[in-house]
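# Structural overview
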Protein chains: 2
Amino acid sequence: MASNAFDSVLASLQSLSISTKDLVVKHAPTTSPDSWKQAISDVASSFSIPQGYMFTKTLVFKPKAAKSAPPTPVVLIASNDTETNTAALAKHLGQKEMRLAAPDLLQEFLGATKDDVSPLSINSANAAPLIVALDSAIASSSESFAVHASSADQTLFMTGTDIAKYLESTGAKVNFLNFEELKNAAPAAPAAAKPASAPPASKAKAAEASKIPEAELIGITVRKEGDFPEWYSQVLRKGDMLDYYDVSGCYILKPWSYTVWQSIQNFFDAEIKKMGVENCYFPMFVSSDVLEREKDHIEGFAPEVAWVTKAGKSDLERPVAIRPTSETVMYPYYAKWIQSHRDLPLKLNQWNSVVRWEFKHPQPFLRTREFLWQEGHTAHLTLEEADIEVKQILDLYRRVYTDLLAVPVVPGVKSEKEKFAGGFYTTTVEGFVPTTGRGIQGGTSHCLGQNFSKMFNIVVEDPNAPPEKRGTPEGKLHVWQNSWGLSTRTIGVMVMVHGDDKGLVMPPRVSQVQVVIVPCGLSVKTKAEEREKILDACADTAKQLQKAGIRSKADLRENYSPGFKFNDWELRGVPIRLEIGPKDLEKQSVLAVRRDTGAKSALPMEDLSATISKLLDTIHDEMFKKADDEYRSRRKVCTKWEDFTRILNDKCHVVIPWCEVEACEDAVKERSARTGNEGEAEDERAPSMGAKSLCIPFDQEQFGDITGLKCPQCGKDAKRWTMFGRSY
Amino acid sequence: MASNAFDSVLASLQSLSISTKDLVVKHAPTTSPDSWKQAISDVASSFSIPQGYMFTKTLVFKPKAAKSAPPTPVVLIASNDTETNTAALAKHLGQKEMRLAAPDLLQEFLGATKDDVSPLSINSANAAPLIVALDSAIASSSESFAVHASSADQTLFMTGTDIAKYLESTGAKVNFLNFEELKNAAPAAPAAAKPASAPPASKAKAAEASKIPEAELIGITVRKEGDFPEWYSQVLRKGDMLDYYDVSGCYILKPWSYTVWQSIQNFFDAEIKKMGVENCYFPMFVSSDVLEREKDHIEGFAPEVAWVTKAGKSDLERPVAIRPTSETVMYPYYAKWIQSHRDLPLKLNQWNSVVRWEFKHPQPFLRTREFLWQEGHTAHLTLEEADIEVKQILDLYRRVYTDLLAVPVVPGVKSEKEKFAGGFYTTTVEGFVPTTGRGIQGGTSHCLGQNFSKMFNIVVEDPNAPPEKRGTPEGKLHVWQNSWGLSTRTIGVMVMVHGDDKGLVMPPRVSQVQVVIVPCGLSVKTKAEEREKILDACADTAKQLQKAGIRSKADLRENYSPGFKFNDWELRGVPIRLEIGPKDLEKQSVLAVRRDTGAKSALPMEDLSATISKLLDTIHDEMFKKADDEYRSRRKVCTKWEDFTRILNDKCHVVIPWCEVEACEDAVKERSARTGNEGEAEDERAPSMGAKSLCIPFDQEQFGDITGLKCPQCGKDAKRWTMFGRSY
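Residues numbered from 1 in each chain as written. Chains lettered and ligands numbered in written order. Predicted model: local features only at pLDDT ≥ 70, side-chain atom pairs only at ≥ 80, totals over all residues. Heavy atoms only, no water.

## Some words on the relation of the copies chain A and chain B
Look at the two chain copies: a rotation about an axis and a shift along it is all it takes to match them. Its rotation angle being 180 degrees, the transformation that places chain A on chain B also includes 0.0 Å of axial translation and leaves an RMSD of 0.1 Å. The operation mapping one copy onto its partner corresponds to a two-fold rotation axis. Within chain A, Val308 of chain A has its C-alpha nearest the rotation axis, a separation of 2.1 Å. A shared interface surface links the copies, since 97% of the contact residues of chain A are contact residues in chain B too. (Least-squares fit on C-alpha atoms with pLDDT ≥ 70 in both. Contact = heavy atoms within 4.5 Å.)

Take a look at the structure:
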């Protein structure tokens, strides 16, 4: 590979936030696995080589094809120790007579020789015709693997998951294969032996024979408690919520997750309309003048603003920013539209996406460069009116979490330090991820006070001014403003709270499919007639439930076993699975299996809709209760500083009687971070993070009488119970 | 003004697409209106000065203010001949003792002297504290006005509307004032004379006294048939559909228009879900590699693609594009997700915004740099299946126009020349704007064939391949794809078709308010008790209608006369106005006034919801019929070339028996353009535009038997009746 081509590979790794340990190890040219090992060990003292790394092998095959058809090279990438059975691979890929590719083909398609070919030889420019077969032992591993960089005398170390991520980013068709399984898999019935119009019985046989061999590969390969970041990533991808995208920090929301967002939209949109809020749409572009008008505010956003500087091949005369939020986009127009107190209140909302080009490690739903949200912006005559709305909105946010997502949150107010830049005060609903013990801001409703209205000159004649002030500047009033937003982050919190080792666990009210019905107990011996009956019963049950407004689906796919289907829907977290087999039909009942608890029960077919409807509510309530109990048990009152970091390190939130002094908040963070370092192992991504104040809960009484208590950190008089914790 | 500051003013004019005739006229310095006139006339021979231009005057005042308050200078901009009454202006603006500003204040706030101060002294950096009073005779005029450029020895000519547009773009608070009216307006009751707790009778008096003096100014000032572009712009702004924005080509969709879009969304989203389409969200960013993969396709979009090259202050390593449409964004993932024919059909849709940085003259809703739309992208096993869906979607688009917007469209297929770049064939619903006689593409549903699937390698094993081909390249099948989109352009078409000289005429099914109820017949003599009764009756009627699902509003604003309210709601096009006065109450009836026809009828209060519900349907039907009759009468069959351009110049569409040869289409365009030039005056913006083929209507029979007919342009055998016309 030419070195400038390799520069572009490096750039693309970087844009995917794939760490390459900033290191290309140079060594003697290698021509075999053994010479490679030797070459690296020769230079190991001069470079920092990762512990316990493994070697990869990259083999390129040319399957047999008609002369007129363009070749579709197969690139096999596996751990060097993995036994790779070419014949089984060919069969699995539906290819014939795969032979190792000749040097000219290697050069033509990958610009490489057999010695320097590597996963990094594939890039977005050459990926289209390739079929890539990647060892799933690599794809799911966070261990380091050696791959050749631009030539056989250079090596780069990458984690297995990063190799997979990179390959996917190129647009190549990547097949994840467990070669171990593949080798042992029963050979599929030869294609020629399957007549197109086979009768049902032989169809079943064919179905059995062509059962997807990687069925066992599609499950989650790590435990939630074991490797949470990897678990989260797998649950999202294998649960069909999202896919990774070739622009770093951006993700594709697939229907399974977008439906959750639409459920939230439907609920929230209807509620705010009742409050007199109207929807609108402001452009995504902001001129720099306007963006930068409110200094405190923009300071918080400036480093993350994306700038459009070109259109086609022309440079724009004045670059325009993409909104990171719309305060400064909208308020110049508020100044124009609000000419009189009769124009108040002005209550606008928009459903849009915003861009914050963060350079921190991106995380699907939680921290992404573009995200979907709603942002409400309102203007009021009085602070009192603004106050009321701030709380009404916050309560709607609470309801999104508790009533739709079955996720507990703590509503409260942010400390001065943590409030919205440029605002007056910020209210929040704070969530909690038990696995990491970290808090997560769930949605915020801000009172902006008069800060923005002063900056943007949003002013009316005060109808309540004393007569002698009317028409004078003292008779003018700067409006009181609020802004509030809730984003697709909600979905990430929901997944983290409810998911388990088998995949997603969807709260019933937002699940695209609430009930899946799987035909069971069919075998090769089942008579065609009986098979039809079962399938019909499944389809009828789905229809009946749909009529009652229950989102149901009969999974009548022919080539998959019930076990495969169970796994598939468990991965996606469908709340209830109904199984219908010959015996159920006989007894006129169905077997219901709950996704959240695994509990099974036989339900009579009669009046099934009502039963299921109740069961869905029960599931919602119990999922909420379980999560709420967990959260409560992890919210610990602490009145002595000695206990603070211990509680924190137990993955809990710490509620202290707090003085509300900003310097004290800084001290808490610093002291809890320091001690954290010395403590036991914590979440990998936040090992030594200090505790921030998360919120001052509205419900103060639950923590008891604060009178006379002192702040455990600084000893000053405590004002209110305040929740501290590590957070996302 | 420093000359570099003036460069930025020029840049900002340009970014607003304001023509400054590319010309700054240099002349002797001027110090008075007379010396200015003289100076320009002295140099008139060296510059091309517009005909019949007028001079502006710009006066800056400092109103009295408390010492602690920052000054809020008032900038008066009027035609030089307009008499401007400072006292009346001060009163109108709620200011006191306005005095001409001292030189230092002028310098501080506008960086100008009294001689060179001009509308262009105001810019986005200094606009915030200013109050601008702009002569409405300027704001609504398409005549040219002389304004000083960067100094008193330079003059620029701008149209009045451009001056207004520029001022608004700066973010200044602009008041549009008819000084003639203002001078004559009854002086408002002194503020001090209005006790806060005045009894109702004196309230009414105060209301009468403070009646908004510019009530007469808020109406549309030009006729639809007279100056269509200006009419369109005024109708949108004064009807509260949108506001202009300070990034050129972008507009703010206010709730009044966004509601229309949400109505369309609700209908269409429900319908496509019935078809099995699922919603998703793909990132707005595309990497250049992926964007450019399909060459034919990207050629159509490349010059309009906006590029993000910076984040914060850092240059991105690889610029990313903002999607102009999502084919190339989505299809690499389709290739990954579609691994088997069992994954088909894949039917995804997204509601998003796309960016096409057009450099042509922007027009709200019709041609904007960012617009909202939905884009559906589906993949099928067979062409037949794809074909069916293309038509189903097109029929939904038709229903959006006919059933929601009461706008007639002609469904058909595009010629080869006009089809979607990179697609197989394109179907369209074609609308018509009678005032200009131009066609407008209303929504398109494309079959992409296998072109993109070949480019992106979206391939499955063909389940219908003969057994011997299975597992070979010949046994593979590239999927058949469709894409289809409908945008906020719909709203522009709706406004252009239905609006009249009084403003918007909203089709009932998409109007945010369907019925407005205005209390009438109240005067100073009305007793408080009777007043209450009337107001209650209005509020009750609104509630009663709302209960029946009719979007209703009682306009109980106190400081506005019924006449003002009538105008206000007529501007916004509310389909039905109900008037309730003492006599109506006595007779237990209401007076209903239709917006579309102006027809009045007394309706009994009993069972009003049912009556109104029916009336709304009638209005919809009659609005559609009126527009449809008009469109039909302007669709003329033409079999002789001699008639072609005459029909076109009569602002009609021309339906010819067409040969469907691409060269002939080019010839039609060229010949009709040439002749158009010699013909009578046409729409200003498309004076000599040639006719394009708009569509080949599906309903061929309406035009009669085509057998044996020849193409009137080239004489070849005709294939199908085809509609040609000028278009947007």
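## A closer look at the interface of chain A and chain B
Frequently, the measure chosen for interface size is the accessible area that the parts lose on association. Between chain A and chain B, the contact holds 96 residues from the first and 94 residues from the second. It is Lys173, Tyr281 and Phe285 of chain A in chain A that bury the most area against chain B; as a group they hold 9% of the surface buried on that side. Along the contact surface separating chain A from chain B lie four salt bridges. In this structure, the salt-bridge partner of Lys336 of chain A is Asp243 of chain B, at a minimum N-O distance of 2.8 Å. Here chain A is connected to chain B by 38 residue pairs in polar contact (both at pLDDT 80 or more). Here the side of chain A that touches chain B is built from residues that sort into 50 nonpolar, 21 polar and 25 charged. Here five bridges tie strand β13 (residues 306-311) of chain A to strand β13 (residues 306-311) of chain B, and the two strands are oriented antiparallel to one another. (Buried area = accessible area lost by both parts, 1.4 Å probe. Salt bridge = Lys/Arg side-chain N within 4 Å of Asp/Glu carboxyl O. Polar contact = N/O pair within 3.5 Å; in protein donor to acceptor, adjacent residues only side chain to side chain. Nonpolar A, V, L, I, M, F, W, Y, C, P; charged D, E, K, R; others polar. Pairing = 2+ DSSP bridges. Helix = DSSP H or I, 4+ residues; strand = E, 2+ residues; numbered from the N terminus.)

## Looking at the pairing of strand β7 (residues 154-159) of chain A
Residue and element names in this part refer to chain A. Of all six residues in β7, six are buried, a share of seventy percent or more. A two-sided burial pattern is seen for β7, the buried positions comprising Gln154, Leu156 and Met158 on one face and Thr155, Phe157 and Thr159 on the other. The pairing of strand β1 (residues 24-26) with β7 spans three bridges and is antiparallel. Across the sheet, residue Val25 finds its bridge partner in β7, namely Thr155. Bridging between strand β6 (residues 144-148) and β7 involves five bridges; their strand directions are antiparallel. Across the sheet, residue Ser144 finds its bridge partner in β7, namely Thr159. (Buried < 20%, exposed > 50% of the residue type's maximum accessible area, 1.4 Å probe, protein only.)

## Some thoughts on the nonpolar core
Counting 212 residues, the largest nonpolar core has Phe285 and Ile322 of chain A together with Phe285 and Ile322 of chain B as the members making the most contacts within it. In this structure Phe285 of chain A touches Val308, Val320, Ala321 and Ile322 of chain A together with Tyr245, Val247, Cys250, Ile322, Val355 and Trp357 of chain B, once residues within four positions along its chain are discounted. (Core = buried A, V, L, I, M, F, W, Y, C linked by side-chain atoms within 4.5 Å.)

## Things to note about unusual backbone geometry
All names here are of chain A. Along the chain, Leu344 connects to Pro345 via a cis peptide bond; the corresponding omega equals -10 degrees. Tracing the chain through its elements places Pro345 in the loop between α13 (327-337) and β15 (346-355). Positive phi, close to 55 degrees, is recorded for Ala406, a residue that is not glycine. Among the structural elements, Ala406 can be located in the loop between α14 (383-404) and β17 (410-413). Accessibility expressed as a relative area gives 0% for Ala406, which makes it buried. Its identity is not glycine, yet Asp607 carries a phi of approximately 60 degrees, on the positive side. Considering the arrangement of structural elements, one finds Asp607 in the loop between β27 (600-604) and α20 (608-633). The exposure class assigned to Asp607 is exposed, which follows from its relative accessible area of 56%.

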